[in-house]
Amino acid sequence: MWTAGAGATAEVQEPGGKLRCSSTRHIPVVGVVTEDEEAQGAFKTMDLNRVSNLLEETDKDDLEEKQLKSVKKLVQCYQNGFPLRDLAQIFKILNLCAEKIENQPHFIESALNILKLCGLPFLKKKVSDEITYAEDTANSIALLGELMKIPNSELRIQICKCIVDFYHAEPPKKHITGYQQASSSYKIKMAEVGGLAKTMVQSLALLENQLVEKLWVLKALQHLSTSEVNCTLMMKAQAASGICAHLNDPDPSGQLLFRSSEILWNLLEKSPKEEIIQQLSNLECLLALKEVFKNLFMRGFSHYDRQLRNDILVITTIIAQNPGAPMIECGFTKDLILFATFNEVKSQNPLVKGLKLSNSYEDFELKKLLFNIIVILCKDLPTIQLLIDGKVILALFTYVKKPEKHKIVEWSAAQYEELQLHAIVTLSSVAPLLTEEYMLCQGNAQVLAFLEWCESEDSFFSHGNSFHGTGGRGNKFAQMRYSLRLLRAMVYLEDETINSDLCEKGAIQQLIGVFKNTISKANDKEEAIVLEIQSDILLILSGLCEHHIPRKEIFGTEGVDIILRVMKTDPTKLQTGLGYNVLLFSTLDSIWCCILGCYPSEDYFLEKEGIFLLLDLLALNQKKFCNLILGIMVEFCDNPKTAAHVNAWRGKKDQTAASLLIKLWRKEEKELGVKRDKHGMIIDTKKPLFTSFQEEQKLMPLPANCPTLAVMDVAENIRAKIYAVLGKLDFENLPGLSAEDFVTLCIIHRYLDFKIQATHKQRELANKSWENFLARTSNAKTLKKAKRLQEKAIESSRYGEHPPNAIFHRTDIKGLNTTVPSGLVVTVESTPARLLGGPLADTDIALKKLPIRGGALQKVKAVKTVNESKKSVPT
């Protein structure tokens, strides 16, 4: 018979007839155990305190037998699982049994039996038991890690089995009346709270030469490491370095390597990655990883071995991202470069003699991972010589060519295409570091020839399945994209040898042709990749033509035509996010680098209404473009033909260029917080151009190589450029201006005057300083006053308290009337002695005379004043 449950509610009738529901008081569950229920598995009453007290006794003859019987009875009583309420006492009994094992071996069976029952789900009588007994449960589970210190193989293995059972618990054989199982994740959570993972890591140090026990501990840690909390605890116990350093330990079963690599993966994923990388970035760990990888690479032939080999390489790749990892010192970098290139560049190294990669999925993934790690390793400059020795550039360029139809290759067509793209991407990172090797391999010629194939009509059906192949299914756009990225990386080095070689091989004309072809071939599906290709072409052309008039002439009218075509793009496409913004930026950059300064190109640009298109873009009022467009306008206005085009332009509602520029000025000043009244007139005449940012900005010391705030103000906001454009239009006869525009125009016209104004202030301060200096040198009272103020300032800046027994040295000369600081060496152009009676006549120093005899200074007995100098001379 059962009473109301713990969550029962009661309805109470209040005065007035209303019912009040009460659920705050929890009524405990009370059960009466019948004989039938006992047969079904209900717990018999047992005095656990008596058992633990019995185990603690030591002075009876037949004590061991009684103790073993009492523990055996306990095991029989709890054969279906331990209730949470009894857990603390049961684990105390377990601990007492374990402590006796060394001297009383019979207790091993008792301890093992208790541990086996710990693998069953814990039992709770109330829903709240999981919270009530949480601390006891956490402490009990933590005890398992402490018991690993007891030097008994069976005990340690059973503890590990018990922990593994936390994650694969089997239900009890019988249902216990009045009890229910704790939640399946309860033990796992309590293990986290108790810090079990940390003590299990620490136990590995006790198992150096005990392979079986070590494998069981690694299996337990493999399960524990699926939790972020446990991984953090393991990290604090230096689990990563401890486990990695023993990867290469002898193990015929292969479990050690598998379980260890799995734990390392979990640690990298579920704990602070930087800390784990730091733990693994030591010589011992990297040597172990190197030997394991070499063994698997050379001798691993099964699917499992190849998969494990790739996992080890990924872990190595993550470690290699740390610049402090001794990858070169341990020889791992050299081996990885060899493994990455031995298929393409024949090597006599015995490590790869007779080796050949298959077209299996694992070997294909390995090849991509090796390309990837080269990109990471090349960021460490000492690696460059190893890349040269390994002929990496030559190996990668074997992929920069069109596929040969009848040649037997080890890769499928889809695999070869993906490796080809990976190789070109890798070249984009490596080639800029190895320019000599790039030129020796005729890199420019190979890339341009490959580009020519990319735009040819040869039948080629790309698969486009890979990450790098995105957008290139059924065409050669992916190959073209990465080839152009490689060229862009080389051009951006600004190495004249490389750029001249490109131009001599006709790169400018070829790139313009490629740009035109992409326009005709593009469709909606490939729109994003085509826009990226076009942007890269314009950036490459900008890099080649900048500062070179002959190359700008080669760019010529054909190049101007493609720029004008881009500028005519529908403005609404700028908001699509497909890449039109980037293309427009590249276009404006190419106007600056490829057209400006070449008068025939400038004239053609003007003739084709290029200035109109620039002003149309400016009228879009997009801040990200305004600065660049206005900069181009300033340069174009040096051409005498430009002014007529600017004045002829008309925008929406018949807006003129001058009106547009003045409107942009007002908008910029509003954003900067410049003070103007409602008519646009100046409010603060002392600071007519001052912004709110400049007012809030505190005076900060800057390094000599940093631009000042004034310089940054001119560079970042567009007011200086608007002034320059309107200045080149002479500020006169500007059509289409309102009254407010004329007010603003007056301010713009005086922009430079308002900026020199600060220079005048500096000059005034300099003049005032000079006047003060003249006053001090011509008036003794002014000089003495200045000297007193200086001494007062010096004294106030000194530290008031002096340490005991310290010797204080004065740094000034008493009685010396100067207001400039004195140093160790002073050059003085003195007034002639005949006018003043001698140097230092009115100072305390004149009371002493120092002889000049060589050696140390000596005191002179007779001292004469200057007035007596005619009567006697000191000897």
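Although it is not a glycine, Gln-238 sits at a positive phi angle of roughly 60°. Within the secondary structure layout, Gln-238 lies in the loop between helix H12 (228–236) and helix H13 (239–244). Residue classification places Gln-238 among the partly exposed positions, given a relative accessible area of 40%. Phi at Lys-391 is positive, roughly 55°, even though this residue is not glycine. Following the sequence through the fold, Lys-391 ends up in the loop between helix H20 (384–389) and helix H21 (392–397).

Right, let's get into empty space enclosed by the protein. One pass over the structure, following the stated rule, counts 2 cavities of 30 Å³ or more. Its volume calculated, the largest cavity comes out at about 70 Å³. Of all the secondary-structure elements, those providing two or more residues to the lining of the largest cavity are helix H29 (549–567) and helix H30 (580–595). The element best represented in the lining of the largest cavity is H30, accounting for 3 residues. Across the lining of the largest cavity, the residue classes break down as 9 nonpolar, 1 polar and 1 charged.

This part is about the environment of Asp-570. Structurally, Asp-570 is set in the loop between H29 and H30. When its relative accessible area of 38% is taken as the criterion, Asp-570 is described as partly exposed. When the C-alpha atoms of Asp-570 and Tyr-580 are compared, they prove to be 9.8 Å apart, with 10 residues separating the residues in sequence.

Take the environment of Gly-443 next. Residue placement: Gly-443 occurs in helix H24 (residues 443–454). Separated by 12 residues in sequence, Gly-443 and Ala-431 have C-alpha atoms that sit 8.9 Å apart. Contacts of Gly-443, omitting those with residues within four sequence positions, involve Phe-397 and Tyr-438.

Here the protein averages 83 in pLDDT, and 80% of its residues register 70 or above. For residues 1–41, every residue scores under 50 in pLDDT, and the model assigns this stretch 45 contacts once sequence neighbours within four places are set aside. For the stretch residues 845–875, pLDDT sits under 50, and the model shows 17 contacts to residues farther than four places along the chain or on other chains.

The next subject is helix H38 (residues 719–728). Among the 10 residues of H38, 7 are classified as buried, and the element is accordingly described as predominantly covered. Of the positions making up H38, those classed as buried are Arg-719, Ala-720, Lys-721, Ile-722, Tyr-723, Val-725 and Leu-726. Positioned one or two residues after H38, Asp-730 has a phi angle of 70°, which is positive.

Our next topic: the packing of aromatic side chains. The final tally for this structure, using the stated rule, is 16 aromatic pairs. With 4.8 Å between their ring centres and 45° between their planes, Phe-585 and Phe-625 make a pair best called tilted. Linking Phe-585 in helix H30 with Phe-625 in helix H33 (residues 623–636), this pair joins segments that are 40 residues apart in sequence. You can call Phe-585 partly exposed: its relative accessible area is 32%. It is Lys-187 that lies over the ring of Phe-122; its NZ or CZ is 4.5 Å from the centre.

Attention now goes to the state of the cysteines. Taken as a whole and judged by the stated rule, the model has 0 disulfides. For the unlinked cysteine Cys-118, the closest cysteine sulfur is that of Cys-162, found at 4.8 Å.

Throughout the structure, instances matching the rule amount to 23 salt bridges. Glu-146 serves as the salt-bridge partner of Lys-149, at 3.0 Å between the closest nitrogen and oxygen. We classify Glu-146 as partly exposed; its relative accessible area is 37%. Here Arg-485 ties to Glu-532 by a salt bridge, and the two come within 2.5 Å at their closest N and O atoms. Taken together, the residues span a long stretch of sequence, with Arg-485 in helix H25 (residues 477–491) and Glu-532 in helix H28 (residues 527–545) at a distance of 47 residues. Arg-485 sits in the partly exposed class, given a relative accessible area of 29%. With relative accessibility at 23%, the residue Glu-532 sits in the partly exposed group. One salt-bridge network, held together by shared partners, links Arg-306, Arg-309 and Asp-363.

Now for the side chain of Thr-383. Note on placement: Thr-383 falls in the loop between helix H19 (361–377) and H20. Residue Thr-383 is classed as buried on the basis of its relative accessible area of 1%.

Taken together, the buried positions of helix H26 (residues 496–504) are Ile-498, Asn-499, Ser-500, Asp-501, Leu-502 and Cys-503. Elements in contact with the buried residues of H26: helix H23 (435–440), H24, H25, helix H27 (507–521), H28 and H29. The distance from a side-chain oxygen at the start of H26 to the backbone nitrogen of Thr-497 is 2.9 Å, and the residue carrying that oxygen is Asp-495. A positive phi of about 80° marks Gly-506, the residue just after H26.

Let us now look at the packing of H29 against H30. Relative orientation of the contacting elements H29 and H30 amounts to 150°, with a least axis distance of 10 Å. Looking at the two axes, H29 sits roughly antiparallel to H30. Considering the relative orientation of H29 and H30, their crossing is left-handed. Across from Lys-552, Phe-555, Val-560, Ile-563, Val-566 and Met-567 in H29, the residues of H30 making contact are Leu-583, Thr-587, Ser-590, Ile-591, Trp-592, Cys-593, Cys-594 and Ile-595. Of the residues contributing to the contact of H29 with H30, the split by class is 11 nonpolar, 2 polar and 1 charged.

So, on to the nonpolar core. When a protein is soluble and globular, its nonpolar side chains tend to lie buried together. One finds Ile-114, Leu-144, Met-200, Ile-591, Leu-614 and Leu-726 to be the most contacted residues of the largest nonpolar core, which totals 230 residues. The element that contributes the greatest number of residues to this core is H28, accounting for 10 residues. The residues contacting Ile-591, other than those within four sequence positions of it, are Ile-563, Met-567, Leu-596, Phe-605, Leu-614, Ile-632 and Phe-636.

So, about the environment of Leu-726. Relative to the helices and strands, Leu-726 resides in helix H38. For Leu-726, a relative accessible area of 0% puts it in the buried group. In this structure, Leu-726 is in contact with Ala-658, Leu-661, Ile-662, Phe-731, Leu-734, Leu-745 and Ile-748, ignoring residues within four places of it in sequence.

As a further point, take the side chain of Ser-52. With respect to the element layout, Ser-52 can be found in helix H2 (residues 48–56). Residues within four places of Ser-52 in sequence aside, it is in contact with Lys-92, Ile-93 and Leu-96.

About the cut-offs
- Residues numbered from 1 in each chain as written.
- Predicted model: local features only at pLDDT ≥ 70, side-chain atom pairs only at ≥ 80, totals over all residues.
- Heavy atoms only, no water.
- Helix = DSSP H or I, 4+ residues; strand = E, 2+ residues; numbered from the N terminus.
- Buried < 20%, exposed > 50% of the residue type's maximum accessible area, 1.4 Å probe, protein only.
- 1 Å grid on protein atoms, 1.4 Å probe; cavity = no way out; pocket = protein on both sides within 12 Å on 5 of 7 lines; lining within 4 Å.
- Points joined across faces, edges and corners; volume = space filled by probe spheres on them.
- Nonpolar A, V, L, I, M, F, W, Y, C, P; charged D, E, K, R; others polar.
- Contact = heavy atoms within 4.5 Å.
- pLDDT = per-residue confidence, 0-100.
- Phe/Tyr/Trp six-rings, centres within 6.5 Å; stacked < 30°, edge-to-face > 60°.
- Lys NZ or Arg CZ within 6 Å of the ring centre and 35° of its normal.
- Disulfide = S-S within 2.5 Å.
- Salt bridge = Lys/Arg side-chain N within 4 Å of Asp/Glu carboxyl O.
- Polar contact = N/O pair within 3.5 Å; in protein donor to acceptor, adjacent residues only side chain to side chain.
- Axes fitted to C-alpha atoms, helices over the stretch in contact; angles between N-to-C directions.
- Parallel < 35°, antiparallel > 145°, perpendicular 65-115°, else oblique.
- Left-handed = near helix turned anticlockwise from the far one by under 90°.
- Core = buried A, V, L, I, M, F, W, Y, C linked by side-chain atoms within 4.5 Å.

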